[in-house]
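Structure at a glance
This is what each chain is made of:
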Amino acid sequence: MTTETEALRRAFETYINPDADVNLHWLASGYYAGRGVQQSWLDFQAGHAAARAETAAAVAQETQRCIGIIESHRIPVGNSAAGEMACEWTYDALKTIRDAIRAGAKETSDADKT
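These remarks concern the structure in this document. (Residues numbered from 1 in each chain as written. Predicted model: local features only at pLDDT ≥ 70, side-chain atom pairs only at ≥ 80, totals over all residues. Heavy atoms only, no water.)

What follows deals with the overall build of the protein. When helices and strands are tallied, the protein shows three helices and zero strands. Along its sequence from the N terminus, the protein presents helices and strands in the succession α-α-α. Within the protein, the proportion of its 114 residues that are buried is 14%. Put simply, the protein shows about 8,500 Å² of open surface, and 57% of that area lies on carbon and sulfur atoms. (Helix = DSSP H or I, 4+ residues; strand = E, 2+ residues; numbered from the N terminus. Buried < 20%, exposed > 50% of the residue type's maximum accessible area, 1.4 Å probe, protein only. Areas by Shrake-Rupley, 256 points an atom, 1.4 Å probe, with all protein chains shown as cover.)

Here is the structure:
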């Protein structure tokens, strides 16, 4: 069992048995003895997975919105070589920020698949 699943199971057991006064009979095979508790556990996991997917979709949408802002940002330039150089530096910095956001989004989505 992964650490994340263990943490989720602890949260479930706290939710279903807040006083810890009932033995929920977790079996070595990875199931709860008793149909009602096992079904509740499956429902709890499904709800958690749905919430994660909803959060991941919202994060992906916000990431795309941020990238759009960066890509459409117009940099004012004066009529001088120094202004044009400053514009190039700013644009390069914005590209670096955009790429970092994209890389972070990819890392997050890769981690969600595990």
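Looking now at the packing of aromatic side chains. Applying the stated criterion across every chain, the model contains seven aromatic pairs. Measuring from ring centre to ring centre gives 5.2 Å for Phe12 and Trp41, while their planes differ by 55°; the resulting arrangement is tilted. With a gap of 29 residues between them, Phe12 in helix H1 (residues 3–16) and Trp41 in helix H2 (residues 35–72) connect regions that are remote in the sequence. Side by side, Phe12 and Trp41 carry an identical accessibility label, which is buried. (Phe/Tyr/Trp six-rings, centres within 6.5 Å; stacked < 30°, edge-to-face > 60°.)

Let's shift gears to H1. Compared with an ideal rise of 1.5 Å per residue, which puts 14 residues at 20 Å, H1 spans 20 Å between its outermost C-alpha atoms and is within 8% of the ideal. By the burial criterion, the buried members of H1 are Leu8, Arg9 and Phe12. Mapping the buried residues of H1 onto a view down its axis gives an arc of 100°, with all of them on the same face. Seen from the buried face of H1, the exposed residues on the opposite side, beyond 90 degrees, are Thr3 and Arg10. In this structure, the buried side of H1 is in contact with H2. (Expected span 1.5 Å × (residues − 1). Arc of directions from axis to C-beta. Contact = heavy atoms within 4.5 Å.)

Across the chain, the bulk of peptide bonds are trans and the bulk of non-glycine residues have phi less than zero. Residue Ala20 is not a glycine yet carries a positive backbone phi of 50°. Take Ala20: it is sitting in the loop between H1 and H2. Owing to a relative accessible area of 65%, Ala20 belongs among the exposed residues under this scheme. Of note in the backbone geometry, His25 takes a positive phi value of approximately 55° without being a glycine. Here His25 lies in the loop between H1 and H2.

Attention now moves to the packing of H1 against H2. Relative placement of two packed helices is described by the angle separating their axes and the distance separating the axes. Close contact between H1 and H2 brings their axes to 11 Å; oriented N to C, the two are set at 120°. One way to sum up the angle between H1 and H2 is to call them oblique. Along this stretch, H1 crosses H2, giving a crossing that reads as right-handed. Where H1 approaches H2, its residues Glu4, Thr5, Leu8, Arg9, Ala11, Phe12, Tyr15 and Ile16 are matched on the opposing element by Val37, Ser40, Trp41, Phe44, Gln45, His48 and Arg52. In the contact of H1 with H2, the residues fall into eight nonpolar, four polar and three charged. (Axes fitted to C-alpha atoms, helices over the stretch in contact; angles between N-to-C directions. Parallel < 35°, antiparallel > 145°, perpendicular 65-115°, else oblique. Left-handed = near helix turned anticlockwise from the far one by under 90°. Nonpolar A, V, L, I, M, F, W, Y, C, P; charged D, E, K, R; others polar.)

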